[in-house]
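Chain residues, written in single-letter form:
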Amino acid sequence: MKKYGLYLAGLLLFTFLTFTASAQNTPNIIFIIADDISWDDMGTYGNAKIKTPNVDKLARDGMKFTNMFLTASSCSPSRASILTGRYPHNTGAAELHTPLPAHLKFFPELLKQKGYFSALVGKWHEGPATKRAYDTLLVDKIKNGEGAEEQWVSLLQSRPKDKPFFFWLAPLDAHRPWSSTTIGPKHNPDTEIVVPPNLVDTKETRLDLAAYYNEISRLDYYVGELLAELERQGIANNTLIIFTSDNGRPFPGSKTRLYDAGVKTPFIVKWPKGIKPGQTCQSLSSSIDIAPTLLELAGVEASETFQGKSFTALFDTPDKEFRKYVFAEHNWHDYAAYERSVRSKDFLYVINKRTELHNGGPIDANQSPSAKALKIARKNGRLTPLQKDVFVTPRPAEEFFDNFKNPSQSQNEILNKAYAAQIAELRSVLKQWQHETGDTEPNNLTPDWYDRETGKSLPAKDKRGEMPGSANKADHINQKGPF
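Not measured: the values here are computed from a predicted model. (Residues numbered from 1 in each chain as written. Predicted model: local features only at pLDDT ≥ 70, side-chain atom pairs only at ≥ 80, totals over all residues. Heavy atoms only, no water.)

### Considering the layout of surface pockets
Alright, step 1. Computed from the structure, the largest pocket encloses a volume of approximately 670 Å³.
Alright, step 2. As for the largest pocket, its lining consists of 32 residues, of which Trp39, Asp40, Ala261, Pro407 and Ser408 are closest to the centre.
Alright, step 3. For the lining of the largest pocket, the secondary structure elements donating two or more residues are helix H7 (203–233) and helix H8 (260–263).
Alright, step 4. Across the lining of the largest pocket, the residue classes tally to 13 nonpolar, 10 polar and 9 charged. (1 Å grid on protein atoms, 1.4 Å probe; cavity = no way out; pocket = protein on both sides within 12 Å on 5 of 7 lines; lining within 4 Å. Points joined across faces, edges and corners; volume = space filled by probe spheres on them. Helix = DSSP H or I, 4+ residues; strand = E, 2+ residues; numbered from the N terminus. Nonpolar A, V, L, I, M, F, W, Y, C, P; charged D, E, K, R; others polar.)

Shown next, in the form of structure tokens:
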């Protein structure tokens, strides 16, 4: 009996030591997904006015991706896509505020099953089925604070110390409406603002952008607090941190657009144990590749439902080519829409099946002070072609842009015969992607819920149409499409 007790004690000690070693070798993962922040609204991505010292340091200490693209420029569809590693029409939740179905796999859930302590803090609107992916959900708005970052450090302090951890940190910064108070540096609207060329430079626009910048700086402040706590606990070396965003800034011409202004995203990875500092990766990547990448690093087999592929090889060789194409879609977000895009490094091709509808952005963008400044300037006939774009109707059924000659993607070259071969290639690739992944164009799309000019609720509010892909049961299709 005594020998049996010693054997049992030894077995338990071996199991504990084995698990501890495994926990030490497995990276902790912190995924920070900002709300409505454009890729170029960071110091490290070229904005010399905005104050983001901690995110900039994150980039210096890790790897900065310059060609990471989202699958949608719309909050919950973009996040649902990341969680499932699937294109929006393959998630069953392609429209804003639609829940993910329970039959899909969520990558934090697989990490949890592997032994990770999994937690979400802040914004949570991917549906009740995703609750099973987390050991804890900290979504109380009062406790989380105005930007939803105030429980980051306390979570890090109170986590189980015998497990690796995964944190999905989802701040509300910088989503409208702007907070009444902010923590961190403030920005002078007269001297510390870069007005994007698709907005008019007025006092109202500058005040609007200053408030947006201030929320980004508040988020940056809490990133600094988090980094300091990781160092204090001595776990920074084997903690992988990702900083990214769910879509472009909440201004006309950015959020809900399929141009780079909407779907190109900041993406920074710091992992001292596995990534050399000060690196830049220009390889083309998609947000559906995040899930299989993190699972591979954790030693977890990716679900067959994931349509993305792991890009862990880029951590060692950032100049390695990864994707040839990235795809994105624009479905209902306050207003009816059906757009699809395919982008290579060189070119962007966009189709629009609802050309009679303009795209002034979602309601929070098109009712903003910046939008109202655009509308006033429009009446006075003082808009540039880029500024007029949000009002254009009918919109082009096809658009084609040369990303290097025209980085603002303002010159549609669809009729330029010099690009005939490139247009034909991307047109064919997009059709192939739609076919293989089961995309559909319903006749009865979800209609506008608000007036496009005034923002007032319409009789159709809260009424849903047919979800793209539903007729083909695309949420059960696992084909990856062209890569």
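After that view of the structure, there is still more to cover.
### Some points on the sheet that holds strand S14 (residues 398–402)
Across a sheet, strands are paired by hydrogen bonds formed along the backbone, either parallel or antiparallel in direction.
Alright, step 1. Here 4 strands make up an open sheet; going across it, the order is S11-S12-S13-S14 and the pairing antiparallel. Here the strands that pair on one side only, and so sit at the sheet edges, are strand S11 (326–330) and S14. Between one strand axis and the next, the sheet turns by 15 degrees as a mean value, whatever way the strands run.
Alright, step 2. One ladder, built from 5 bridges, connects strand S13 (residues 347–352) with S14; its direction is antiparallel. Bridged to Leu348 within S14 is Phe401.
Alright, step 3. Docked against the sheet, helix H14 (residues 420–437) engages S11, strand S12 (339–343), S13 and S14, running at close to 55 degrees with respect to S13. (Pairing = 2+ DSSP bridges. Axes fitted to C-alpha atoms, helices over the stretch in contact; angles between N-to-C directions. Contact = heavy atoms within 4.5 Å.)

### Describing the pairing of strand S8 (residues 267–270)
Alright, step 1. Taking every second residue as pointing to the same face, both faces of S8 are buried, with Phe267 and Val269 on one and Ile268 and Lys270 on the other.
Alright, step 2. Where strand S2 (residues 63–65) and S8 come together, 3 bridges link them in antiparallel fashion. Each residue of the ladder has a partner; that of Lys64, found in S8, is Ile268. (Buried < 20%, exposed > 50% of the residue type's maximum accessible area, 1.4 Å probe, protein only.)

### Quick notes on the pattern of salt bridges
Alright, step 1. Applying the stated rule across the entire model yields 29 salt bridges.
Alright, step 2. Between Arg176 and Asp208 there is a salt bridge, with the nearest N and O atoms lying 2.8 Å from each other. In this pair, Arg176 is assigned in the loop between strand S6 (165–170) and H7 and Asp208 in helix H7, connecting sequence segments 32 residues apart. Here the two residues Arg176 and Asp208 agree in accessibility, since each one is buried. (Salt bridge = Lys/Arg side-chain N within 4 Å of Asp/Glu carboxyl O.)

### Thoughts on helix H3 (residues 75–84)
One turn of the α-helix equals 3.6 residues, which is why residues spaced by three or four share an orientation.
Alright, step 1. Buried residues dominate H3, accounting for 10 of its 10 residues.
Alright, step 2. For H3, the set of buried residues is Cys75, Ser76, Pro77, Ser78, Arg79, Ala80, Ser81, Ile82, Leu83 and Thr84.
Alright, step 3. On its buried side, H3 packs onto strand S1 (28–34), helix H4 (107–114), S6 and helix H9 (290–297).

### Things to note about unusual backbone geometry
Alright, step 1. For the bond running from Asp173 to Ala174, omega is 10 degrees, close enough to zero to count as cis.
Alright, step 2. Tracing the chain through its elements places Ala174 in the loop between S6 and H7.
Alright, step 3. Cis geometry is found at the peptide bond from Thr393 to Pro394, where omega equals 0 degrees.
Alright, step 4. Position of Pro394 among the secondary structure elements: in the loop between helix H13 (385–388) and S14.
Alright, step 5. Unusually for a residue other than glycine, Gln409 sits at a positive phi of about 55 degrees.
Alright, step 6. Following the sequence through the fold, Gln409 ends up in the loop between S14 and H14.
Alright, step 7. Phi is positive for Asp462, close to 75 degrees, though the residue is something other than glycine.
Alright, step 8. Within the element layout of this structure, Asp462 appears in the segment after H14.

### A look at the packing of H4 against H9
Alright, step 1. Relative to each other, H4 and H9 sit at 10 degrees, their axes nearing to 10 Å. Here H4 is positioned roughly parallel relative to H9, judged by the angle of their axes. Judged by residue contacts, Phe107, Leu110 and Leu111 of H4 engage Ala291, Leu294 and Leu295 from H9.
Alright, step 2. For the contact of H4 with H9, the per-class residue count stands at 6 nonpolar, no polar and no charged. (Parallel < 35°, antiparallel > 145°, perpendicular 65-115°, else oblique.)

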